[in-house]
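Commentary on secondary and tertiary structure
Letter by letter, the chains look like this.
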Amino acid sequence: MWIDTHAHLDAPEFGPDHALALSARTLARERGVGLCVIPAVMRQNLDTVRLLAHRMGDAYALGIHPLYVPRALDEDLDALDAALTAHAGDPRLVAVGEIGLDFFVSALCEPAMRERQQHFYSAQLKLARKHGLPVILHVRRSADVLLKHLRELPTGGGIAHAFNGSAEQARAFTDLGFALGFGGASTFEPARRLRALAAELPLSALVLETDAPDIPPHWLYATAAERAAGRAQGLNTPAELPRIGEVIAGLRGIPAEALAAATSANAQRVLPRLAALLP
Ligand SMILES: [Zn+2]
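Along each chain, numbering runs from 1 in the same order as the chain's sequence is written. Confidence filtering applies because this is a predicted model: local features only for residues at pLDDT of at least 70, side-chain atom pairs given and counted only at 80 or more, and all residues used for totals across whole chains, interfaces and linings. Think of the side-chain values as coming from all heavy atoms in the structure, minus any hydrogens and water.

A look at the coordination of the zinc ion
The following threshold applies: Coordination shells were defined by N, O and S atoms within 2.8 Å of each metal, extended to 3.2 Å for Na, K and Ca; water is absent from the atom set, which can make sites look incomplete. Numbering of helices and strands starts at the N terminus; helices are DSSP runs of H or I of at least 4 residues and strands are runs of E of at least 2. When a residue's accessible area, from a 1.4 Å probe over protein chains only, is under 20% of the maximum for its type it is buried; when over 50% it is exposed; and in between it is partly exposed.
In the first shell of the zinc ion, the protein supplies H6 (NE2), H8 (NE2) and E98 (OE), at 2.0 to 2.1 Å from the metal. Mapping the donors of the zinc ion onto the primary sequence gives the spacing H-x1-H-x89-E. Of the two residues, H6 is situated in the loop between β1 (2-4) and α1 (19-30) and E98 in strand β4 (residues 93-102); the sequence distance between them amounts to 92 residues. A residue is classified by how much of its surface remains accessible, and H6, at 0% relative accessible area, is buried.

Shown next as structure tokens:
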């Protein structure tokens with residue numbers, strides 16, 4: 001059984017009324033994906049991810065994503081706090097997320113926006129502590145700053161999603177109780193450093209994710225030239241997770257079943273509420 005620890009199944013790419021997400025979720029289940037975690041990205045989709053997780057028999061996280069910080073208001077943090085309080089007893093609420101820092105997108109790197117991102121990040125770490133939940137982190141060129149805040153405001157750990165840092169940064173996250181999310185990016189042969197990490201990190205550090213509909217694996221990816229020639233970008237969904245897992249198991253030289261079992265156990269360790277939701 002596989003667990004997709006990061007899938008934005010409410011994204012507009014999945015069509016009106018989430019139709020494509022619902023069919024993809026059924027296919028994923030047939031392929032052995034027992035659970036998905038659907039993270040929120042902004043105040044406006046806190047209810048959407050919760051309702052969708054219930055409809056699909058999955059899990060969700062509530063938070064404000066760094067890419068949505070420019071449009072977020074301070075009072076959105078109060079709305080998040082209220083939602084975490086209102087749904088504290090919901091077993092499908094497994095984390096605060098997706099939160100973090102993005103120092104890659106240029107508009108987010110202006111000094112004032114870096115400050116604003118850190119304001120939302122540290123406020124949400126405080127909310128995770130207040131509500132006793134782990135966190136799901138967006139890490140892009142920001143691992144060291146994320147770690148600095150985590151040391152000041154320790155949480156119960158969680159997941160550093162789409163991890164693509166150094167071995168030292170990986171170790172720093174695992175020392176703080178985090179697992180590292182690997183997905184479609186590891187399926188590209190030129191991603192040598194990332195593939196080496198996926199192959200060499202302790203098995204106990206890994207969880208799997210699709211980040212659907214983003215970060216497609218190589219078999220769905222159309223290059224700019226292919227797109228110009230009319231080939232559409234394939235839609236990345238949780239149904240791809242077992243094949244992504246097979247690639248990562250191949251990198252590690254272990255059977256896919258062994259990777260599925262270990263990463264599913266790791267997901268339950270860092271997001272403890274998942275255990276009660278397993279099919
Ligand atoms: Zn995400």
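Side note on helix α2 (residues 46-56)
In plain terms, the rule: As used here, the arc is the angular range of directions from the helix axis to the C-beta atoms. Residues count as neighbours in contact if any of their non-hydrogen atoms are within 4.5 Å of one another.
If you check which residues of α2 are buried, you get L46, V49, R50, L52, A53 and M56. One side of α2 holds all its buried residues, which, seen down the axis, span an arc of 165°. Buried positions along α2 lie against α1, β2 (33-39), β3 (59-62) and α3 (74-86). Just beyond α2, the residue with positive phi is G57, at close to 70°.

Observations regarding the pattern of salt bridges
Short version of the rule: We count a salt bridge whenever a side-chain nitrogen from Lys or Arg sits within 4 Å of a carboxyl oxygen from Asp or Glu.
Going through the model one piece at a time under the given rule, you end up with 10 salt bridges. Linking R43 and D76 is a salt bridge whose minimum nitrogen-to-oxygen distance equals 3.1 Å. Taken together, the residues span a long stretch of sequence, with R43 in the loop between β2 and α2 and D76 in helix α3 at a distance of 33 residues. Between R116 and D74 there is a salt bridge, with the nearest N and O atoms lying 3.1 Å from each other. Note that R116 is positioned in helix α4 (residues 111-131) and D74 in helix α3, a separation of 42 residues in sequence. Put simply, R25, R29 and D58 are held in one network by salt bridges that share partners.

Observations regarding the packing of α4 against helix α5 (residues 143-152)
Formally: Lines fitted to C-alpha atoms define the axes, with helix axes restricted to the stretch in contact, and inter-axis angles between N-to-C directions lie between 0 and 180 degrees. Reported orientations rely on four angle classes, namely roughly parallel under 35 degrees, roughly antiparallel over 145, roughly perpendicular from 65 to 115, and oblique for the rest. Crossing handedness follows the turn of the near helix against the far one: under a right angle anticlockwise gives a left-handed crossing, and clockwise gives a right-handed one.
Put simply, α4 and α5 touch, their axes get as near as 10 Å, and they point 40° apart. Classified by the interaxial angle, the pair formed by α4 and α5 is oblique. Judged by the sense of rotation from one axis to the other, the crossing of α4 with α5 is right-handed. Residue-level inspection shows Q118, Y121, S122 and L125 of α4 in contact with α5, the latter providing V145, L146, H149 and L150.

With respect to the nonpolar core
What counts, and what does not: In plain words, nonpolar cores are sets of buried Ala, Val, Leu, Ile, Met, Phe, Trp, Tyr and Cys residues tied together by side-chain atoms within 4.5 Å.
Within the largest apolar cluster, 65 residues are counted, with the highest numbers of intra-cluster contacts made by L9, L62, L137, F173, L180 and F182. With five residues, α2 is the single largest residue contributor to this core. When neighbours within four sequence positions are excluded, F173 is seen to be in contact with L137, V139, A143, L146, L147, L150, A160, F163, F178 and L180. A61, V94, V207 and A267 belong to the second-largest nonpolar core, a separate cluster that totals 16 residues.

What to know about the packing of aromatic side chains
The description of two aromatic rings rests on the distance between their centres and on the angle between their planes. As a reminder of what qualifies: Aromatic pairing here means that ring centres of Phe, Tyr or Trp (its six-membered ring) are within 6.5 Å. Orientation follows from the plane angle: under 30 degrees is stacked, over 60 is edge-to-face, and everything else is tilted. When the NZ atom of lysine or the CZ atom of arginine is within 6 Å of a ring's centre and also within 35 degrees of its normal, the charge is said to sit over that ring.
Applying the stated rule across the entire model yields three aromatic pairs. Residues F163 and F173 carry aromatic rings whose centres are separated by 6.0 Å and whose planes lie at 80° to one another, so their mutual orientation is edge-to-face. Taken together, the positions of F163 in the loop between β6 (158-161) and α6 (167-175) and F173 in helix α6 put the pair 10 residues apart, joining distant regions of the chain. A relative accessible area of 3% means that F163 is categorised as buried. An angle of 85° between the planes, with centres 5.6 Å apart, marks the rings of F188 and Y221 as edge-to-face. With F188 in the loop between β7 (178-182) and α7 (192-200) and Y221 in the loop between β8 (206-208) and α8 (224-228), this residue pair connects regions lying 33 residues apart in the sequence. By relative accessible area, which is 35% here, Y221 ends up partly exposed. Through a chain of ring-to-ring contacts, the aromatic side chains of F163, F173 and F178 assemble into a single cluster. Across the ring face of W219, the terminal group of R243 is positioned such that the distance to the ring centre comes to 3.9 Å.

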